[in-house]
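Residues per chain are reported as follows:
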Amino acid sequence: MLNQISTVFSVGFGLIWLREHFTPMQLVGTAIAIVGSFIIAYQPDARLQWGALLIIVGSFCYSLHFAVVKRQGNTIDFLNFFFYRVLSTALVLFLSAAGRQVLTWPSAQGWLIILLTATVDVTISRFFYYQALRRLKLSLLSVISTLSPVAAVVWAFLLFGTLATGQQLLGGAGVLLG
């Protein structure tokens, strides 16, 4: 649930730092969509500890990253930016795994999953996200991104037959209504 706060941060960066504007109806829709995404992600037994603080700080940094890309996007060569973003992420993950001594060589099936995930999640989804970021306001794109938990509920049903809970359905309706 705490990761959903990135929407609030991104809307804030868009409206305050990038000086984007919403109509009153868009503000109402944004509030409804944000509440809906929090309802989907809410876990009553979650405890606020250091991990929660790390999630909030990470969400803030992620939102700041997108705000900087939005502001400087026209001056950045996309291919170079994307290459160095993926390289730095891979390096941090490698150092983290090596530092904790949990670095292992993946099996053949593991490499297949890594390749599929890298292709779909990292390459394709990020390409479309950054293209949308260049064309849309950051604040609007952040609100549209609240559809992510709704899509996760749909994919969970399609891939695993997992039925949505009443809470997830209520939150999804809020997101779609917003």
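Draft legend 1. Fine view of the overall build of the protein chain. For the protein chain, the count of helices and strands is 8 helices and 0 strands. Order of helices (α) and strands (β) in the protein chain, N terminus to C terminus: α-α-α-α-α-α-α-α. By the burial criterion, 27% of the 178 residues in the protein chain qualify as buried. Long-range contacts, defined as pairs at least 24 residues apart, comprise 83% of the intrachain contacts of the protein chain with a sequence gap of at least 6. Of the roughly 12,200 Å² of accessible surface on the protein chain, a fraction of 72% belongs to carbon and sulfur atoms.

Draft legend 2. Structural context of the nonpolar core. Membership of the largest hydrophobic core comes to 13 residues, with the highest contact counts inside it found for Phe66, Val69, Tyr130, Leu133 and Leu138. Going through the elements one at a time, α3 (50–72), α4 (78–99), α5 (108–135) and α6 (138–144) are the ones with two or more residues in this core. Once residues within four sequence positions are removed from consideration, phenylalanine 66 is found in contact with Arg126, Tyr129, Tyr130, Leu133 and Leu138.

Draft legend 3. Examining the environment of leucine 27 more closely. On the secondary structure map, leucine 27 appears in helix α2 (residues 24–41). When the C-alpha positions of leucine 27 and valine 143 are compared, they lie 10.0 Å apart, and in sequence the two are 116 residues distant. Leaving out residues up to four positions away in the same chain, leucine 27 has contacts with Leu15 and Phe22.

Draft legend 4. Spotlight on the packing of α4 against α5. Closest axis-to-axis distance for the α4/α5 pair is 12 Å, and the angle between their directions is 130 degrees. The orientation of α4 relative to α5 falls into the category oblique. In the crossing of α4 with α5, the sense of the turn from one axis to the other is right-handed. Across the interface between the two elements, Phe78, Phe81, Phe82, Arg85 and Val86 of α4 pack against Val122, Thr123, Arg126, Phe127, Tyr130, Gln131 and Arg134 of α5. Tallied by class, residues from the contact of α4 with α5 come to 7 nonpolar, 2 polar and 3 charged.

Draft legend 5. Structural view of unusual backbone geometry. A positive phi angle, close to 60 degrees, is found at arginine 19, a residue other than glycine. By secondary structure assignment, the location of arginine 19 is in the loop between α1 (5–17) and α2. Residue classification places arginine 19 among the exposed residues on the basis of a relative accessible area of 64%. Phi angles above zero are rare outside glycine, and glutamine 101 is one such case at about 60 degrees. Among the secondary structure elements, glutamine 101 is positioned in the loop between α4 and α5. Overall, the relative accessible area of 73% leaves glutamine 101 in the exposed class.

Draft legend 6. Representation of the environment of threonine 165 in the model. For threonine 165, the position within the fold is in the loop between α7 (147–160) and α8 (166–177). Considering only alpha carbons, one finds threonine 165 and valine 153, 12 residues apart in sequence, at a separation of 9.3 Å.

Draft legend 7. Quick look at the environment of glutamine 167. If you trace the backbone, glutamine 167 turns up in helix α8. Residue glutamine 167 is classed as partly exposed on the basis of its relative accessible area of 30%.

Draft legend 8. Geometry of the side chain of serine 142. Mapping serine 142 onto the fold places it in helix α6. Excluding its chain neighbours within four sequence positions, the residues that come into contact with serine 142 are Thr7, Ser10 and Val11.

Draft legend 9. Up close: the packing of aromatic side chains. Following the criterion strictly, the structure yields 14 aromatic pairs and no others. Between phenylalanine 127 and phenylalanine 128, the aromatic rings sit 5.4 Å apart at their centres with planes inclined by 70 degrees, giving edge-to-face as the arrangement. In this structure phenylalanine 127 comes out as partly exposed when scored by relative accessible area, which is 37%. Residue phenylalanine 128 is classed as exposed on the basis of its relative accessible area, which comes to 54%.

Rules of the game
Every residue gets a number counted from 1 within its own chain, in the order that chain's sequence is written. Totals for whole chains, interfaces and linings use all residues, but because this is a predicted model, local features are given only for residues with pLDDT of at least 70 and pairs of side-chain atoms are given and counted only at 80 or more. Excluded from the side-chain calculation are hydrogens and water; included are all heavy atoms of the structure. Helix numbers and strand numbers start at the N terminus; a helix is a DSSP run of H or I with at least 4 residues, a strand a run of E with at least 2. Each residue is placed in one exposure class: buried if its accessible area under a 1.4 Å probe, protein chains only, is under 20% of its type's maximum, exposed if it is over 50%, and partly exposed if it falls in between. The contact criterion used is simple: two residues touch if any of their non-hydrogen atoms lie within 4.5 Å. The protein chains shown are the only cover counted for residues, whose accessible areas, like all others here, come from Shrake-Rupley with a 1.4 Å probe. By convention a nonpolar core is built from buried Ala, Val, Leu, Ile, Met, Phe, Trp, Tyr and Cys residues, the set being connected through side-chain atoms within 4.5 Å. Throughout, an axis means a line fitted to C-alpha atoms (over the contacting stretch in the case of helices), and angles, computed between N-to-C directions, take values from 0 to 180 degrees. Convention used here: angles under 35 degrees read as roughly parallel, angles over 145 as roughly antiparallel, angles from 65 to 115 as roughly perpendicular, and any remaining angle as oblique. Helix crossings are classified by the rotation of the near helix relative to the far one: an anticlockwise turn of less than a right angle makes the crossing left-handed, while a clockwise turn makes it right-handed. Gly is put with the polar residues, along with every residue not named as nonpolar or charged; the nonpolar set is Ala, Val, Leu, Ile, Met, Phe, Trp, Tyr, Cys and Pro, and the charged set is Asp, Glu, Lys and Arg. Ring geometry is summarised as follows: Phe, Tyr and Trp rings, the Trp one being its six-membered ring, pair when their centres sit within 6.5 Å, and such pairs are stacked at plane angles under 30 degrees, edge-to-face over 60 and tilted between the two.

Scope: geometric values only; no functional claims are made or implied.
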